[in-house]
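# Report on the structure
So you can see what is in the structure, the chains are spelled out below.
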Amino acid sequence: PVEMKLLLVPDPTSPNGEDAFCREIARRAPARGHSCVMRAAIAGPAEADAVIVNSVQTDALLAARAAGKPAILRLIDSYAGSSADAQAEVKRFAATSDRVLVPTHFMKAIVVGWGIPEERVHVVLLDVAMEGMDGLSVLREFKRRPRTRPVPVCLVTARAEASLRVEAFAGG
């Protein structure tokens, strides 16, 4: 695997200022030979190989673009209830991002419906406790399929049991 330097830009609206998505990537990256820096916003050239932006943050996405760095945008909302201008901004940034990470196949269908090529949209976030299904079961099915097996998945939960971590790692 190629070592990458990742700049993680957390969502400033995360509860208690704690961005679990970026924190989990930063925690796991060293085991895969990558290094991470997490900071609230970027200004000027990014000291990284790629920039992962959690949520639509105009300044961070524009700075990544200006620096010529790949921008990976994580979306968890379709912004359907937002103003037309806000929706247009989200779609524009999704279109200019190198990858778009979404939490569900439903959200992937929405983003693809915006005209984003399907190969640039990845479902990678699972919660252990999801409405109507079990995240570990979804993870096992995802890793069973040859087409989706190589896509990295971040499984998140508020539960702290060690056995859950063991089961998640065993699932892929």
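Okay, so let's go over this structure.

Basis of the calculations
Residues numbered from 1 in each chain as written. Predicted model: local features only at pLDDT ≥ 70, side-chain atom pairs only at ≥ 80, totals over all residues. Heavy atoms only, no water. Axes fitted to C-alpha atoms, helices over the stretch in contact; angles between N-to-C directions. Helix = DSSP H or I, 4+ residues; strand = E, 2+ residues; numbered from the N terminus. Parallel < 35°, antiparallel > 145°, perpendicular 65-115°, else oblique. Left-handed = near helix turned anticlockwise from the far one by under 90°. Contact = heavy atoms within 4.5 Å. Nonpolar A, V, L, I, M, F, W, Y, C, P; charged D, E, K, R; others polar. Phe/Tyr/Trp six-rings, centres within 6.5 Å; stacked < 30°, edge-to-face > 60°. Lys NZ or Arg CZ within 6 Å of the ring centre and 35° of its normal. Pairing = 2+ DSSP bridges.

### Observations concerning the packing of helix 2 (residues 58-66) against helix 3 (residues 84-96)
Between helix 2 and helix 3, the shortest axis-to-axis distance is 11 Å and the interhelical angle comes to 30°. Considering the angle they form, helix 2 stands roughly parallel to helix 3. Helix-helix and strand crossings are classified by hand; for helix 2 and helix 3 the assignment is left-handed. Contacts between helix 2 and helix 3 involve Thr 58, Leu 61, Leu 62 and Arg 65 from the first element and Glu 89, Phe 93 and Thr 96 from the second. Among the residues making up the contact of helix 2 with helix 3, the classes are represented as three nonpolar, two polar and two charged.

### Describing the packing of aromatic side chains
Scanning the entire structure with this criterion turns up zero aromatic pairs. The ring centre of Phe 21 lies 4.2 Å from the NZ or CZ of Arg 74, which sits over that ring. The lysine or arginine in question, Arg 92, covers the ring of Phe 93, its NZ or CZ lying 5.2 Å from the ring centre.

### Observations concerning the sheet that holds strand 6 (residues 121-123)
Strand order in the open sheet made by the six strands is 2-1-3-4-5-6, with parallel pairing throughout. Either end of the sheet is taken by a strand with one partner, and the two such strands are strand 2 (35-38) and strand 6. Here the strands of the sheet are splayed against their neighbours by 25° on average, with no regard to which way each runs. Pairing geometry for strand 1 (residues 5-9) and strand 3 (residues 50-54), over four bridges, is parallel.

### What to know about the packing of helix 5 (residues 135-144) against helix 6 (residues 162-171)
Helix 6 packs onto helix 5 with a crossing angle of 20° between their chain directions and a minimal axis gap of 9 Å. One finds that helix 5 runs roughly parallel with respect to helix 6. Considering only the axes of helix 5 and helix 6, their crossing is left-handed. The segment helix 5 lies against helix 6, with Leu 136, Leu 139, Arg 140 and Lys 143 engaging Leu 164, Glu 167, Ala 168 and Gly 171. Split by residue class, the contact of helix 5 with helix 6 holds four nonpolar, one polar and three charged.

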